[in-house]
Amino acid sequence: MPQSDNAVSSEPASTSASSSTPKKAATVPEKKYKCQYCNRAFSRSEHRSRHERSHTKERPFKCQKCRSTFVRRDLLLRHDRTVHAKDGGVPLQSEGRKKTNTTNSSSVSTQGQGPSAKVSPSTATPSKPTISIDPGTLEQIEASSDGMLDLETAAMLMTDFQHKAAAAVNGHLHNGEGSIPDYSPDRSSLLESSDYLTGPNSLPHMPWDTFMPSGPSEPKAHSMSSMSSQDNLSQPPFVHMGSIQPHQSQLPPIMERQNSLSAPSFPSLGDTFPGSGSPTPNALSPFPSMTGPVSPVNYRKSPGPAQPLSLPKAPQLNNVAERAMIANQLGGDFLLPQLTTINLYLTTYFNLFHHHLPFLHPVSFRPERAEPALLLAILSIGALYNFEQDTAYALHHGSKKLVNQFLQNKDNFDSRKCPLWTMQSTLLNMVFESWSGGSQGLEWACSIKSLLANMVAGNKYELKLRVDARGRTPPTHDQWVTEEGCRRTYFAVYIFFGMLTLTYNHTPAISFNEFDSLSLPSSESLWNLEPTDADAWQDVFAASPTITVREAHDSLFQGDAARYSAFATRVMINALFLEVWNLRRSFESLQDVVLEWKIRIALETWERSLDLCEPETIFVPLSTPHKSHPLIFNSMAVYRNTKAFLEVDLKNVQEALRYHNSFEIAAAMTLSRDSVKRTKEMIKVIEQCYECMEIVALQGINWVTKTSSTNWSIEHPLCGLELITILSLWLYRIEHDDQEASDEELAMYMKVRGLFDDDAVDSNGSRLSSTVARVWGSMLDGVVVWGISKTMGESFKLHAQALVGYVDEMPVDPVTGMPQVTDQLMVMDASY
């Protein structure tokens, strides 16, 4: 038995008895240092000074290695460890920290052994490494406590110690001398706002090969029920809820919880896509050890392919001669990019954008044989994902010109005779214009919606004739690829039109009944399969489940979970969203309680159907929090938005977004607070909003800011527009309504509060509602691929200022210190 155990067991009984006697509570220090800007008081002057910086916006601690500034020194130290540690420079040290790790280790190892216990360096056992407490952790504890060690402080200290102990036992953190370097999680908290608002984040070209992920090695979707309502967090000031105690025990914010021992570095871009030829801005995965899959997909064998599939190589041009063929087709009026640039754009499109809307067939797509209009549309989006906007717009306008020339040269336009590439090119051009951040582009896209809808209807009719003519004869692989490509294009248009409705409140251009007889899209594994022979293809095709849109729709409304692919999951949630939209926009439907009840049943059934979704064996080079195909992750974003739309209608915000004026959008956001009711049904909506914010928190705000624009689809910022607006307005009402918060509301408020630390909230006037809006806005416009996200980011920042700005001008009750809310609407209108 170790000596320390003997020392513990031989302690006198009197010592144990005295230790079990409850000690008298320590006297609370007098808070004699009062803030000159508000009614808060502190027991130490340095704590008052730190608090006053939230009013003055002073950030005295500046990083000498970048442009970041901080309100506290411990935040500067943490920033230096997490951001600049990999640069190899000399790390900053805490002020007044004289003792070395050796001294700390000796004090820890000899603790509890009595004065006679001495450990000789020559006899020390090397198999048990010593553990030192992070100086930054001690300094942060000292700066945040008012001379008392509360539960939160003890939890922070113990968590840090336990992580180091586990790492020491496993031997993961030993350096060359056998010591343990300071542990510092790469997941930065929202405290370091300047770290992701300034510096390299604002540059148009990002250093993709140097990004460090903030999430754990295996990101997980944090369950809403996993955080108990009893994990009460400290009350932010000025919250009008008398039932909240000011010194409740709390866990560290999710942004600061230590979920991984170390953050792996990204692999080289050439290794990410072997054989791609050119590097791509896709070093986004926290899985450097994975040579094939980068997305945490559940790679079970599907009933189709016999072996797991590798990611098909992105289509490429093989030589300069193939580029010359394309250039000759375009003529001399258009300057085609160089060969390496074209291949770079192709790789970026098929590895980043394609998986969110997979209507093209990467296996059979040949750039040199593709129609120039479609190729230029693909290259334009590839250029956007490489942050080359000028080139992207040039390619985009070239594609639009070629499509217009084709349509104008047809004397008798017939939608049945429009080739598939015209639909695909038009779809990509409309996607480009709708999400690029300009009102004129959106108006152009809306002006040709009916044209694209007619193309889909005519081509779909021709497809039906071909399928009917074949009868019961199963298709060959080439026939199936052609027919499946048509169906996928129709569904891609349907999804895109649904996003226009969700974002801008546009009337749907295609009805659900247009597709009721079509088969839903196949799995991505089957879509990317290259069969060895005809017999092998027939076996795979026969084993693949087929279900029509009507069958899946009826199953959902009957409460029976159906089995279909990831792409089909995205199609069905789009159909359910449009059902809700029609319910809210039709006066007759508003009176139909039975229809609303059926829609709610269908939504619940859709969510249960995710467990039956066809497993994918295709490798996807994207990192998403959900262990599934990115299409499932995108579908969940629309699902949360649909659940919220059942209770809250933010039509004014959606219509203001059409014109891309940030001030008008922010005004519509803030003035929509009366649409957010404080009911039990609203709690369920807030849970969906919380989950949207929690996904970002668990991944790490800085990592999401830098990588989500290229890793995640456009659905997430678009759906977050409504969800985060609802969340901020609900938090505002909890903070300022005269009505006391119920237990459910209080628990939900505390769950949201647990995502942020005190400094992040204090920097927004101690208003959690403003904090949520500001953080979301800062994330959206950090790194921009689609211009609409920057517009929404600016709108959320203005909305955050409105939520806190006009409150500061309101009179304060001298007794309670609470704002006197008399006519909030009048003050809100005056702020604009």
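An unreviewed UniProt entry annotates the protein chain as C2H2-type domain-containing protein of Exophiala mesophila. Under Subcellular location (unreviewed entry), UniProt gives the following word-for-word description of the protein chain: "Nucleus".

> Give me the overall build of the protein chain: which residues, what numbers.
Check the secondary structure of the protein chain and you find 34 helices and four strands. Scored against the burial criterion, the 832 residues of the protein chain give a buried share of 55%. Partitioning the contacts of the protein chain with sequence separation of at least 6, the portion at a separation of at least 24 is 76%. Per element, the accessible surface of the protein chain, about 36,300 Å² overall, is 51% carbon and sulfur.

> Residues and numbers for the packing of helix H24 (residues 630–645) against helix H27 (residues 680–699), please.
Interhelical geometry of H24 versus H27 gives an angle of 150 degrees and a closest axis separation of 8 Å. Between H24 and H27, the interaxial angle falls into the category roughly antiparallel. Relative to H27, the crossing made by H24 is left-handed. Residues Phe633, Tyr639, Arg640, Lys643 and Ala644 of H24 touch H27, and the partners they reach there are Val685, Gln688, Glu691, Cys692 and Ile695.

> Before we move on, can you summarise the packing of helix H14 (residues 420–435) against helix H17 (residues 477–504) with the specific residues and values?
In contact at an axis separation of 10 Å, H14 and H17 are set at 25 degrees when each is read in the N-to-C sense. Viewed along their axes, H14 and H17 adopt a mutual orientation that is roughly parallel. Judged by the twist between their axes, the crossing of H14 over H17 is left-handed. Of H17, the residues touching H14 (which contributes Leu420, Met423, Gln424, Leu427, Met430, Val431, Ser434 and Trp435) are Gly485, Cys486, Thr489, Tyr490, Ala492, Val493, Phe496, Phe497, Met499, Leu500, Thr503 and Tyr504. Here the contact of H14 with H17 is built from residues that sort into 15 nonpolar, five polar and no charged.

> Requested: an account of the nonpolar core, with residues and values cited.
What tends to happen in soluble globular proteins is that the nonpolar side chains get buried as a cluster. Core analysis: the biggest nonpolar cluster contains 169 residues, and Trp435, Leu520, Tyr564, Ile726, Phe756 and Trp786 have the highest contact counts within it. Those residues in contact with Ile726 that lie beyond four places of it in its chain are Ala644, Val648, Leu650, Val676, Met682, Val685, Ile686 and Cys689. Listed in part, the seven residues of the second largest apolar core include Trp480, Val481, Leu529 and Trp537.

> Outline helix H23 (residues 593–609), supporting the account with residue identities and numerical values.
For H23, which comprises 17 residues, the first-to-last C-alpha distance of 24 Å matches the rise-based estimate of 24 Å (1.5 Å per residue) to within 8%. Where the residues of H23 are buried, they touch helix H20 (549–557), helix H21 (566–585) and H24.

> Can you explain the pattern of salt bridges? Please cite residues and give values.
Throughout the structure, instances matching the rule amount to 19 salt bridges. The salt bridge partner of Glu484 is Arg487, with a shortest N-O separation of 3.0 Å. A residue pair is termed a helical-turn pair when its members lie 3 or 4 positions apart in one helix, as Glu484 and Arg487 do in helix H17 at three residues. Accessibility assignment for this pair places Glu484 and Arg487 in one class, buried. Among the salt bridges present, the one from Arg733 reaches Asp737, with a minimum N-O distance of 3.0 Å.

About the thresholds
- Residues numbered from 1 in each chain as written.
- Predicted model: local features only at pLDDT ≥ 70, side-chain atom pairs only at ≥ 80, totals over all residues.
- Heavy atoms only, no water.
- UniProt positions renumbered as here; feature names shortened; annotations may be inferred.
- Helix = DSSP H or I, 4+ residues; strand = E, 2+ residues; numbered from the N terminus.
- Buried < 20%, exposed > 50% of the residue type's maximum accessible area, 1.4 Å probe, protein only.
- Contact = heavy atoms within 4.5 Å.
- Areas by Shrake-Rupley, 256 points an atom, 1.4 Å probe, with all protein chains shown as cover.
- Axes fitted to C-alpha atoms, helices over the stretch in contact; angles between N-to-C directions.
- Parallel < 35°, antiparallel > 145°, perpendicular 65-115°, else oblique.
- Left-handed = near helix turned anticlockwise from the far one by under 90°.
- Nonpolar A, V, L, I, M, F, W, Y, C, P; charged D, E, K, R; others polar.
- Core = buried A, V, L, I, M, F, W, Y, C linked by side-chain atoms within 4.5 Å.
- Expected span 1.5 Å × (residues − 1).
- Salt bridge = Lys/Arg side-chain N within 4 Å of Asp/Glu carboxyl O.

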